[in-house]
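# Fold and geometry: a report
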There are 2 protein chains.
Amino acid sequence: MGLVVQKYGGSSVADAEGIKRVARRIVDTKKAGHEVVVVVSAMGDTTDELIDLAEQVSPFPAGRELDMLLTSGERISMALLAMAIKSLGHEAQSFTGSQAGVITDSVHNKARIIDVTPGRIRTALDGGNIAIVAGFQGVSLDSKDITTLGRGGSDTTAVALAAALNAEVCEIYTDVDGVFTADPRVVKRARKIDEIGYEDMLELASSGSKVLLARCVEYARRYNMPIHVRSSFSGHVGTWVRNKPTEGGEMEHAIISGVAHDTSEAKVTVVGVPDKPGEAARIFRAIADAEINIDMVVQNVSAASTGLTDISFTAPKTEGRKAIEALERVQEGIGFESLRYDDQIGKISLVGAGMRSNPGVTATFFEALSAASVNIELISTSEIRISVVTRADDVNEAVRAVHSAFGLDSESDEAVVYGGTGR
Amino acid sequence: MGLVVQKYGGSSVADAEGIKRVARRIVDTKKAGHEVVVVVSAMGDTTDELIDLAEQVSPFPAGRELDMLLTSGERISMALLAMAIKSLGHEAQSFTGSQAGVITDSVHNKARIIDVTPGRIRTALDGGNIAIVAGFQGVSLDSKDITTLGRGGSDTTAVALAAALNAEVCEIYTDVDGVFTADPRVVKRARKIDEIGYEDMLELASSGSKVLLARCVEYARRYNMPIHVRSSFSGHVGTWVRNKPTEGGEMEHAIISGVAHDTSEAKVTVVGVPDKPGEAARIFRAIADAEINIDMVVQNVSAASTGLTDISFTAPKTEGRKAIEALERVQEGIGFESLRYDDQIGKISLVGAGMRSNPGVTATFFEALSAASVNIELISTSEIRISVVTRADDVNEAVRAVHSAFGLDSESDEAVVYGGTGR
């Protein structure tokens, strides 16, 4: 009966009814004998509405002030949640990120956690309280200014607090029943994964699975903190993300975790790059200087007759314009011929341990795509993942084909409980 | 060219347009060579909407959590205002009450300021910034919890910061042109008061004038901080509230400041009280123990034949039920006959220095009411104020009659600029 950290997202606390429902679930956990720390996001679309307001008063809202603005969102949800719990007869206190001891660097809008000093939370728990903590926010060590953690910030707050408080588990409540072998909106027979290791979860998250962000999984892996992803709308057991010991009998077999897909990226091709040492480095230095995160990179074999090669990479569509502009600035210096930009692509990834040493996995993967008449444009592999880029229109069909080929389909599609979009 | 503290209320920053307009005015003040500290309220009806939400999740929202909730309102407006100023090319930083050093006691929802330590504000000003501070909020000295200051809190924040920073003036921006000789919605020919002393302003505020609350005027008087009440919609000079030296020629004349009215109170009459020492004390002890603020108190002459008397008092309508319940609990002990409750009353007050020593003032006051056929139910006087209670229906007519009788009417009603309700 140890300490449990629970995180509820914006869709779970979108209105007064949702807040009361979440309050009852928290009280049930407390009644079961646990100490409970709750991390909560802003209600529903509050954050988007605040960003709209900011854009109305300023074309480029200052980072410090945007953080001050956005952190009001969790302040509202956490105070309401604490009130709702108290009206059920249990003691609760809410804490801002700063009060909870979430110390960050000074990079506004995407701060990184550098320390967690939850002294006030510990005191509140010792006094018999349920502690409600604002997700997504902290206070900078240097300037004492309020910061926000950027995308996936609330999940990361929850895992960080769980680690600092030596919690038994960090429960991430969402509107789906857990992590699935594929997106259930695309694959009707996708199965809920009961247990998955940190590495596989990381690959799934990086490959487009929206349920957990890679950042939070990385934090959990570093501190070996078990995460239980589950639905706030049902009482079902969800997906456990934790160190998964390899069982003896499986050591030499590939264990496929699931199929992820992602249509949020675009493909940039640098055409006619002189095929000599250092050219690729200059291209990616230009991209890095523009602070663009790239995903897959492929360089075609050079055509011997021309001495020129093509380099393709994928990056978020939202960074597409910035990438093109950065490359245009260095075109003359590098001397490549032209740029091609394609945002009608999709990526399908198969994730599972032991994949690299089982050549059959790759073969089955390509056979399945071929049978579904899906054309492959780029390929990239890691120790536990194989990804391909295809036309965006082919993605859903490709996911279904691969999911089926690896025997991931459930017996029936009745078992899948699914409540909405995963966030 | 000293330091100016400006306070903008919720109606001045109700939307993005309002925020941009206020930002331009602030920048103009800065350009004129002043250091500028701005205290801002929550946007429009934000606070009421948050209270609604609280009541949806909890019948009796906990004070600590309600304060956490409500303080998000100013967080939004102050961050947006800082962004808007920065987009005009000037440096601005926003600060919560806690960051600005507004230290309070621990009484949630109506905390009192006990210290102001504006070190971060001073640093921001020294760095060339305009400082934007959340009104209405502070941090408790003992528990380090977030507190709110209750009604009139933002005005009080502004005056307190002005005093702590040795400002030249505290400008209170509102949606009217200043303090008027009467409510311009009732008296078309009400005149804007150019200058008024703290004492008269206090009496006007206590008597129903909504432009400034007594609390903020008291604070300004204690620190001798001049207040300039003016419109955020026009560039007009407003009303200066400051120590007003009595001019030689006026020493023995009454100087009437204005007529205030108030229809927010109810009258409670305790009927048939035994006319012996200590009975009134027991009645008002019961009222005080219920934490009800009473305003006027009148005891009728005892009817010699019965040995019984009636005691009447007025209190806010919102406290009416509590007052009746408190008195019912002591009815048997005190032995009074019955209670009467009347919430259809109004109060008219005439405020001005030197009134007591000019009997003609009182006579003119009652003659004016009589000529307007207004019946008087209670009378109460102070050194610089005379107040009467009438039927609520008679209040507007009574205010107009008194305003006119004392020569306060302006030459025409064209001069009055009035933008809405005073808050």
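Reading guide: rules and limits
- Think of each chain on its own: its residues are numbered from 1, step by step along the sequence as written.
- Here the convention is simple: chains get letters from A, ligands get numbers from 1, in the order in which they are written.
- For a predicted model such as this one, the threshold for reporting local features is a pLDDT of at least 70, and the threshold for listing and counting side-chain atom pairs is 80 or more; totals across whole chains, interfaces and linings nevertheless cover every residue.
- Derived side-chain values reflect all non-hydrogen atoms in the structure, with water molecules and hydrogen atoms excluded from consideration.
- Where helices and strands are cited, they refer to DSSP runs of H or I of at least four residues and of E of at least two residues respectively, numbered from the N terminus.
- For the radius of gyration, the atoms used are the C-alpha atoms, and the globule rule reads 2.2 Å times the number of residues raised to 0.38.
- Here's how the labels work: a residue is buried when its accessible area is under 20% of the maximum for its type, exposed when over 50%, partly exposed in between, all with a 1.4 Å probe on protein chains only.
- In this analysis, two residues are considered to be in contact whenever any of their non-hydrogen atoms come within 4.5 Å of each other.
- Note on areas: Shrake-Rupley with a 1.4 Å probe; residue coverage comes only from the protein chains shown.
- Counting rule for charge: Lys and Arg are taken as positive, Asp and Glu as negative, and neither His nor the chain ends is counted.
- For this purpose, a charge sits on NZ of Lys, CZ of Arg, CG of Asp or CD of Glu.
- Copy-to-copy superposition: least squares on the C-alpha atoms, limited to residues that have pLDDT of at least 70 in both copies.
- A simple way to read buried area is as the amount of 1.4 Å-probe accessible surface that goes missing from two parts once joined, with both sides added.
- A pair is scored as a salt bridge if a Lys or Arg side-chain nitrogen falls within 4 Å of a carboxyl oxygen belonging to Asp or Glu.
- For the purposes of these results, a polar contact is taken to be a pair of N or O atoms within 3.5 Å, where, inside protein, one atom must be able to donate a hydrogen and its partner to accept one; residues adjacent in sequence count only when each atom of the pair is a side-chain atom.
- Asp, Glu, Lys and Arg are counted as charged, while Ala, Val, Leu, Ile, Met, Phe, Trp, Tyr, Cys and Pro are counted as nonpolar; the rest, among them Gly, fall into the polar class.
- To estimate the expected span of a helix, subtract one from its residue number and multiply by 1.5 Å.
- Strand pairing is defined by DSSP finding a minimum of two bridges between the two strands.
- Comment: axis = line fitted to C-alpha atoms, over the contacting stretch for helices; angle = value between 0 and 180 degrees taken between N-to-C directions.
- What fixes the domain bounds is an automatic or database domain assignment.
- Between the rings of Phe, Tyr and Trp (Trp by its six-membered ring), a pair exists once the centres lie within 6.5 Å; its type follows the angle of the planes, with under 30 degrees stacked, over 60 edge-to-face, and the other angles tilted.
- Each patch is assembled from residues with relative accessible area greater than 30% and no salt bridge, linking like charges that lie within 9 Å and nonpolar side chains (Val, Leu, Ile, Met, Phe, Trp, Tyr) that lie within 5 Å.

A tally of regular secondary structure across chain A gives eleven helices and 20 strands. Computed over the C-alpha atoms, the radius of gyration of chain A is 23 Å, within 12% of the 22 Å expected from 2.2 N^0.38 for a compact globule of 423 residues. Seen through its principal axes, chain A has C-alpha atoms that stretch 80 × 55 × 35 Å. Here chain A, with 423 residues, has 56% of them falling under the buried criterion. By sequence separation, contacts in chain A at least 24 residues apart represent 76% of the contacts at least 6 residues apart. When the accessible area of chain A is evaluated, it comes to approximately 17,800 Å², of which 48% is carbon and sulfur surface. Where the 43 positive side-chain charges of chain A centre and where its 58 negative ones centre are 4 Å apart.

This paragraph deals with the relation of the copies chain A and chain B. Once chain A has been moved 0.1 Å along the axis and rotated by 180°, it coincides with chain B to within an RMSD of 0.1 Å. Taken together, the rotation and translation relating the two chain copies correspond to the operation of a two-fold axis. Residue A:Ser72 of chain A places its C-alpha closer to the rotation axis than any other residue of that unit, at 2.4 Å. Most of the interface of chain A is mirrored in chain B: 100% of its interface residues are interface residues there too.

Once that is clear, we can look at the interface of chain A and chain B. In this complex, chain A contributes 41 residues to the contact, which on the side of chain B involves 41 residues. A buried area of about 3,200 Å², summed over both sides, lies between chain A and chain B, and 65% of it is on carbon and sulfur atoms. For chain A, the biggest contributors to the area lost against chain B are A:Val57, A:Arg75 and A:Met83; these three give 23% of the whole. Taken together, the links from chain A to chain B amount to two salt bridges. As a salt-bridge pair, B:Arg120 and A:Asp145 come within 3.0 Å of each other at their nearest N and O atoms. Our enumeration of links across chain A and chain B arrives at twelve residue pairs in polar contact (both at pLDDT 80 or more). Listing elements by their share of the side of chain A that touches chain B, those giving two or more residues are α1 (16–31), α2 (46–57), α3 (63–86) and β3 (92–95) of chain A. Of all the elements, α3(A) adds the most residues to the side of chain A that touches chain B, at 16 residues. A class-by-class count of the residues in the side of chain A that touches chain B yields 23 nonpolar, ten polar and eight charged.

Let us now look at helix α2 (residues 46–57) of chain B. Between its first and last C-alpha atoms α2(B) spans 17 Å; for twelve residues at 1.5 Å apiece the expected length is 16 Å, and the two agree. Each element contacted by the buried residues of α2(B) is listed here: α1 and α3 of chain A together with α3 (63–70) and α4 (72–87) of chain B.

Here the focus is helix α12 (residues 395–405) of chain B. Residue and element names in this part refer to chain B. Every buried residue belonging to α12 is among Val 395, Ala 398, Val 399, Ala 401, Val 402 and His 403, and all of these are buried. If you follow the buried residues of α12, they end up packed against β13 (255–262), β18 (345–353), α11 (359–371) and β20 (385–391). Backbone geometry just after α12 places Gly 407 at a positive phi near 70°.

This brings us to the sheet that holds strand β14 (residues 265–274) of chain B. Backbone hydrogen bonds hold the strands of a sheet together, and the pairing may be parallel or antiparallel. All names here are of chain B. Strand order in the open sheet formed by four strands is β15-β16-β14-β17, and the pairing between neighbours is antiparallel. Looking along the sheet, the strands with just one partner apiece sit at the ends: β15 (297–299) and β17 (338–342). If you compare each strand with its neighbour and ignore which way they point, the axes differ by 15° on average. In the sheet, β15 pairs with strand β16 (residues 308–316) via three bridges, with the strands oriented antiparallel. Bridge pairing in β16 places Gln 299 opposite Ile 311. Sitting on the sheet, helix α9 (residues 279–289) touches β14, β15 and β16, and the angle it makes with β16 is about 25°. Set on the sheet, helix α10 (residues 320–334) makes contact with β14, β16 and β17; between it and β17 the angle comes to about 165°.

What follows concerns the domain arrangement of chain A. Domain assignment breaks chain A into domain 1 (3–175) and domain 2 (252–412). Spacing between the C-alpha centres of domain 1 of chain A and domain 2 of chain A amounts to 36 Å.

This part takes up the environment of A:Gly354. Residue and element names in this part refer to chain A. When you line up the elements, Gly 354 lands in the loop between β18 (345–353) and α10 (359–371). The partly exposed category is assigned to Gly 354, whose relative accessible area is 29%. Along the chain, Gly 354 and Val 13 lie 341 residues apart, while their C-alpha atoms are 40 Å from each other.

So, about the pairing of β18(A). Residue and element names in this part refer to chain A. Across the nine residues of β18, eight count as buried, placing the element largely inside the fold. In the sheet, strand β13 (residues 255–262) pairs with β18 via seven bridges, with the strands oriented antiparallel. Residue pairing in the sheet places Ala 260 in a bridge with Ser 349 of β18. Here seven bridges tie β18 to strand β20 (residues 385–391), and the two strands are oriented antiparallel to one another. Residue pairing for β20: Val 351 is matched across the bridge by Arg 385.

Moving on, we get to the packing of aromatic side chains. All told, the structure shown has eight aromatic pairs over all chains when counted by the stated rule. Look at A:Phe365 and A:Phe366: their rings are 5.6 Å apart centre to centre, the planes differ by 65°, and that puts the pair in the edge-to-face class. The buried category is assigned to A:Phe365, whose relative accessible area is 0%. With a centroid separation of 5.6 Å and 70° between ring planes, the pair formed by B:Phe284 and B:Phe313 is classed as edge-to-face. Here B:Phe284 is found in helix α9, whereas its partner B:Phe313 is found in strand β16, with 29 residues between them in sequence. Both residues of the pair, B:Phe284 and B:Phe313, belong to the buried class.

Right, let's talk about the pairing of strand β6 (residues 130–134) of chain B for a bit. Residues and elements named next belong to chain B. Most of β6 is tucked away: five of the five residues are buried. Burial of β6 is two-sided: the residues Ile 130, Ile 132 and Ala 134 facing one way and the residues Ala 131 and Val 133 facing the other way are all buried. Here four bridges tie strand β2 (residues 35–40) to β6, and the two strands are oriented parallel to one another. Bridging across to β6, Val 37 finds its partner in Ala 131. Relative to β6, strand β3 (residues 92–95) runs parallel, the two being bridged by four bridges. Across the sheet, residue Ser 94 finds its bridge partner in β6, namely Ile 132.

Quick look at a negative patch on the surface now. All names here are of chain A. A cluster of acidic residues, Asp 45, Asp 48, Glu 49, Asp 52 and Glu 55, forms a negative patch on the protein surface. Tracing the chain through its elements places Glu 49 in helix α2. The exposed category is assigned to Glu 49, whose relative accessible area is 51%.

Let us look at the environment of A:Gly346. Residues and elements named next belong to chain A. Here Gly 346 is to be found in strand β18. Between the C-alpha atom of Gly 346 and that of Ala 266, which follows or precedes it by 80 residues, the distance is 8.1 Å. Excluding anything up to four places from it in sequence, Gly 346 contacts Asp 262, Thr 263, Val 388, Val 389, Thr 390, Arg 391, Ala 392 and Val 395.

On to the pattern of salt bridges. Counted by the stated rule, this structure contains 46 salt bridges over all chains. For A:Glu195, the salt bridge is made with A:Arg242, and the minimal N-O distance between the two is 3.0 Å. Pair noted here: A:Glu195 is in strand β10 (residues 195–196) and A:Arg242 is in the loop between β12 (239–241) and β13, with a separation of 47 residues, a long-range link. The partly exposed category is assigned to A:Arg242, whose relative accessible area is 29%. Beyond isolated ion pairs, a larger network of salt bridges with shared partners links A:Arg64, A:Glu65, A:Asp145 and B:Arg120.

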